[in-house]
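Now for the letters of each chain:
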Amino acid sequence: MSAGGVLRAVAVVGSPRLNGNTVRVVDEVLAELGRRAVECDKIMLGEQRIAPCRGHVTCKGLDACLLDDDAAAVLDRVYRADCLILASPVYYEDVSAQMKTFIDRNAYYFYRDAWLRARAVGLIAVTKVTGIEETLATMRRYVTLSTTGEVPVFTLGGYAGDPGDAAAQPELLAAARGLAADLAGALGLSAAAIPGSQ
Ligand SMILES: Cc1cc2nc3c(=O)[nH]c(=O)nc-3n(C[C@H](O)[C@H](O)[C@H](O)COP(=O)(O)O)c2cc1C
């Protein structure tokens, strides 16, 4: 929660396409959360310098990760979020390389027994045809390994292959707003958006 008691949502987006289908769905979720007065933060992994984990597994004894890149700042935003959204396009029936690299870099927190504080998690996978379940399952395992106790997880799979496909599907965008409503409910916010906000 930020200083003024406002709830914070962070969306981590694994698509390199700044105007792709995945980000279109994420933007719909964030806009709906914003209407419920949630402060929203979107991280486009493709715009960050995040190198693959080096696998030395000595994280616990270090003051900082040996890799001096953007991961520390990204992870700081992620671990402080009240609500976390992970979104990936389906690549070879799993998460994108950007999302997998992000997940592996969470090892710095994992080996220090540091856990996500999010009270609600949303997972979004977008594909042309195949791989929704596999991609959601990878991100769900990340959440399980990064939390203690039960955290409500809500999922959304979208079928949108070519640029502009997600924007042209009112039912997919409605499902995205539904995901936001579920997240808001889990955060203890009212089911309805605040009239006149944003
Ligand atoms: C490297 C790569 C691998 C892909 N693998 C799959 C796949 O396994 N199954 C599928 O149906 N679509 C696959 N796709 C299509 C994407 O999931 C689809 O274009 C999606 O809309 C991309 O989301 P974006 O617009 O957010 O980048 C692949 C695309 C790329 C670039």
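What counts, and where the lines are drawn
- Residues numbered from 1 in each chain as written.
- Predicted model: local features only at pLDDT ≥ 70, side-chain atom pairs only at ≥ 80, totals over all residues.
- Helix = DSSP H or I, 4+ residues; strand = E, 2+ residues; numbered from the N terminus.
- Expected span 1.5 Å × (residues − 1).
- Contact = placed C-beta atoms within 7 Å.
- Buried ≥ 20, exposed ≤ 12 C-beta atoms within 10 Å, placed from the backbone.
- Arc of directions from axis to C-beta.
- Near = placed C-beta within 6 Å.
- Nonpolar A, V, L, I, M, F, W, Y, C, P; charged D, E, K, R; others polar.
- Core = buried A, V, L, I, M, F, W, Y, C linked by C-beta atoms within 7 Å.

**A closer look at helix H6 (residues 170-186)**
In this model, H6 (17 residues) spans 24 Å end to end at C-alpha, consistent with the 24 Å of a helix rising 1.5 Å per residue. Summarising the contacts, the buried residues of H6 are in contact with helix H1 (21-35), strand E3 (83-89), strand E4 (120-127) and strand E5 (153-159).

**A word on helix H5 (residues 132-145)**
Given 3.6 residues to a turn, an α-helix orients residues that are three or four positions apart in the same direction. The terminal C-alpha atoms of H5, which comprises 14 residues, lie 20 Å apart, in line with the 20 Å expected from a rise of 1.5 Å per residue. Buried within H5 are the following residues: Thr-135, Leu-136, Thr-138, Met-139 and Tyr-142. Burial along H5 is one-sided: seen end-on, the buried residues are contained in an arc of 155 degrees. Of the residues in H5, the exposed ones pointing more than 90 degrees away from the buried face are Arg-141 and Thr-144.

**Focus: the site of the ligand**
Within the structure, the ligand sits among 18 residues, and Ser-15, Gly-20, Thr-22, Pro-89 and Val-129 are positioned closest to it. Mapped by element, the contributors of at least two residues to the shell around the ligand are H1 and E4. Of the residues assigned to the shell around the ligand, the class counts are 7 nonpolar, 8 polar and 3 charged.

**As for the nonpolar core**
Ranked by size, the top nonpolar core spans 54 residues in total, and within it Ala-9, Ala-11, Val-26, Cys-83, Leu-84 and Ile-85 carry the most contacts. Ranked by the residues each element gives to this core, the list is headed by H6, at 8 residues. Here Cys-83 is in contact with Leu-7, Ala-9, Val-38, Ala-118, Arg-119, Ala-120, Leu-183 and Leu-187, once residues within four sequence places are set aside.

**Describing the environment of Ala-168**
Residue placement: Ala-168 occurs in the loop between E5 and H6. According to the C-beta neighbour criterion, Ala-168 is exposed, with 12 such atoms within 10 Å. Counting along the chain gives 147 residues from Ala-168 to Asn-21, while the straight-line C-alpha distance between them is 9.9 Å.

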